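Structure assessment
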Amino acid sequence: MAHSHSHGDTADLTPEQKEHQRFAARILAILLVPLAVLTFASLVLMWPQDTASHIREDTGIVRVPGTTYQRGTITEVTESSCDGEVGSFPGDTTICATLTVRVDDGPDAGSLQSFRLTSAVYQSGASVGEQVRMYRVPLEGTEAVYSFIDFERQTPVMFFVLLFAALVVAVARLRGFLALVGLGFAFWILIEFMMPNLIQGKDPVIVGVVGSAAIMFVVLYTSHGFTVRTTTALVGTLFGLLLAAILGLISVNWAHLTGVTHEDDFILAASAPDLRMTSVVICSMIVAALGALNDVTITQASSVWELAKTVKSPWQLYRSAMRIGRDHIASTVYTIAFASAGAALSVLLLIQIYDQSLSDLVFEELFAGEILRTIIGSIGLVLAVPLTTGIGVLAVSVGRSAAREAGSGELDELDELEGGEPLVEAAGSPRSPSAGAGDHSAFQRPTD
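Described in the following lines is the structure provided in the data block. Please read all numbers here as calculations on a predicted model, not as lab measurements.

The next subject is the pairing of strand E2 (residues 95–103). Bridge count between strand E1 (residues 68–81) and E2: nine bridges; the pairing is antiparallel. Following the sheet pairing, Glu 79 is matched in E2 by Ala 97.

With 27 residues, helix H5 (residues 228–254) extends 39 Å from end C-alpha to end C-alpha; this agrees with the ideal 39 Å at 1.5 Å per step. The element H5 is largely enclosed, with a buried count of 19 among its 27 residues. Among the residues trailing H5, His 256 stands out with phi positive, at a value near 55°.

Right, let's talk about the environment of Pro 204 for a bit. Position of Pro 204 relative to the elements: it lies in helix H4 (residues 204–224). Its relative accessible area of 5% is what places Pro 204 among the buried residues. Once the C-alpha coordinates of Pro 204 and Ser 284 are considered, the two residues, 80 residues apart in sequence, prove to be 9.4 Å apart. The contact partners of Pro 204, leaving out residues within four places of it in the chain, are Leu 198, Arg 276, Ser 279, Ile 282, Cys 283 and Ile 286.

Moving on to the pairing of strand E4 (residues 131–137). Taken together, the six bridges between E1 and E4 define a ladder with antiparallel strand orientation. Bridging across to E4, Gln 70 finds its partner in Met 134. In this sheet, strand E5 (residues 145–151) lies alongside E4 in antiparallel orientation, the contact comprising six bridges. Across the sheet, the residue bridging to Tyr 135 is Ser 147, located in E5.

With that out of the way, let us pick up the sheet that holds strand E3 (residues 112–117). By definition, the strands of a sheet pair up through backbone hydrogen bonds, in either a parallel or an antiparallel sense. If you walk across this open sheet you meet the five strands as E3-E2-E1-E4-E5, and the pairing is antiparallel. Both edges of this open sheet fall to E3 and E5, since each of them pairs with a single strand only. Taken pair by pair, the neighbouring strands of this sheet meet at an average axis angle of 40°, ignoring direction. For E2 and E3, the ladder comprises six bridges, and the chain directions are antiparallel. Within E3, the residue paired with Thr 98 across the bridge is Arg 116.

As enumerated under the stated definition, the model contains one disulfide in all. Shown here is the disulfide that connects Cys 82 with Cys 96, its sulfur atoms set 1.8 Å apart. Judged by the sign of its S-S torsion, about 115°, the cystine formed by Cys 82 and Cys 96 is right-handed. Taken together, the residues Cys 82 in the loop between E1 and E2 and Cys 96 in strand E2 connect sequence positions 14 residues apart. Like Cys 96, Cys 82 is buried.

Our focus in this paragraph is the packing of H4 against helix H8 (residues 290–307). It is the contact of H4 with H8, at a shortest axis distance of 11 Å, that shows an interaxial angle of 45°. The pairing of H4 with H8 is recorded here as oblique in orientation. Crossing angle aside, the handedness with which H4 passes H8 is right-handed. For the pair H4 and H8, contact is made by Ser 212, Ile 215, Met 216, Val 219, Leu 220 and His 224 and by Leu 290, Asn 294 and Ile 298, respectively. Its residues assigned to classes, the contact of H4 with H8 shows six nonpolar, three polar and no charged.

If you walk through the whole model with that rule in mind, you get seven salt bridges. Here Arg 136 makes a salt bridge to Asp 108, at a shortest N to O gap of 2.8 Å. Pair noted here: Arg 136 is in strand E4 and Asp 108 is in the loop between E2 and E3, with a separation of 28 residues, a long-range link. Residue Arg 136 is classed as buried on the basis of its relative accessible area, which comes to 14%. You can call Asp 108 partly exposed: its relative accessible area is 23%. The partner of Glu 306 in a salt bridge is Lys 309, with the nearest N and O atoms 3.3 Å apart. Take Glu 306: its relative accessible area is 29%, and that puts it in the partly exposed class. Salt bridges here are not isolated pairs; linked through shared partners, they connect Arg 229, Glu 306 and Lys 309.

The rules behind these values
- Residues numbered from 1 in each chain as written.
- Predicted model: local features only at pLDDT ≥ 70, side-chain atom pairs only at ≥ 80, totals over all residues.
- Heavy atoms only, no water.
- Pairing = 2+ DSSP bridges.
- Helix = DSSP H or I, 4+ residues; strand = E, 2+ residues; numbered from the N terminus.
- Expected span 1.5 Å × (residues − 1).
- Buried < 20%, exposed > 50% of the residue type's maximum accessible area, 1.4 Å probe, protein only.
- Contact = heavy atoms within 4.5 Å.
- Axes fitted to C-alpha atoms, helices over the stretch in contact; angles between N-to-C directions.
- Disulfide = S-S within 2.5 Å.
- Parallel < 35°, antiparallel > 145°, perpendicular 65-115°, else oblique.
- Left-handed = near helix turned anticlockwise from the far one by under 90°.
- Nonpolar A, V, L, I, M, F, W, Y, C, P; charged D, E, K, R; others polar.
- Salt bridge = Lys/Arg side-chain N within 4 Å of Asp/Glu carboxyl O.

Below you can see the structure in the form of structure tokens.
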């Protein structure tokens, strides 16, 4: 049977190395099982109920009763100058457009509606045959009024989502499919657990840590298998999450981050009176650390267990693994920085446009919040590397020691193997003397 996942091949492991891993997995389980029980018990006890009672319906975007979403198809595009339009300036030479749209559904299906597009919206592209979304506002005693919302983006978005999923499954096969399942679980926890709890005014640190820990338990084991490497990485990841939560709380209070920087933030605060906007900032810092932590801890744990096949000295093993970790830290810091810069590119452009000192603008909440979110996630990542390495080395050392103390005799069947695929004999069948590729050391006392 082929391995479905590979952070290293176990075909070249000796029986004593497999025995070391089995004992190490037991030691790590003693630490991790109570954390798992605590996490999922907290998840059940904190599961949100009756979120609707914490939301005010008389605030936010005011809509006339009976307002519906409708779809339409562009039948004509007429260009014209933006000069004289709302938001334009005298002598404006940019191009705006008027759309003629056929309503495709609802009580007015087949009717034509006209909408004026600003230059910024029109420049994104608008051509005959494309679909748009509209509000239909019913008015008593007269025809309903339509207003343009946006272009219909369902088709292109779903195309790229399905393309991504197909490529992940095609290249990574079963492990890729399981990673997508784990990703779906992560968004389910985010939407059904974390967001409702924040709306109800629950403590953001507890909500963020419990929700993120539950995500990591499921995502790591689903994507990488129930292996000693995954368990090592999970311990380091949980440490990084806890550190990000603590630093996030300190930074929000110290830097006086309010969480209110856009108009939508004011609407959100008014619509959910029990929601503390600072809670959103703290929880976002914890969630932002998830992806990078998962990446570096899995890689670091794999490095330790691969090096442990040949390196016997614990100190030498730690030093060798940390050399790999330092390279990974350097590359991941760049990744986080560039990802954040790409997401905040419009904010960075404002710095260039505003006629103010960069040193003044960068410390305003709009910019400072993004900087702190990136920095705190990076701190958790950097410190998770030596901790994960240390846990891995300790597990290797304890596993070797425990295997030596177990005494001579036949090795038990192994439950924790790399690649997530247990190597188990048929029920009731004894291990043959040829186990270990003809090496009879399987019946000897393991040694270093």
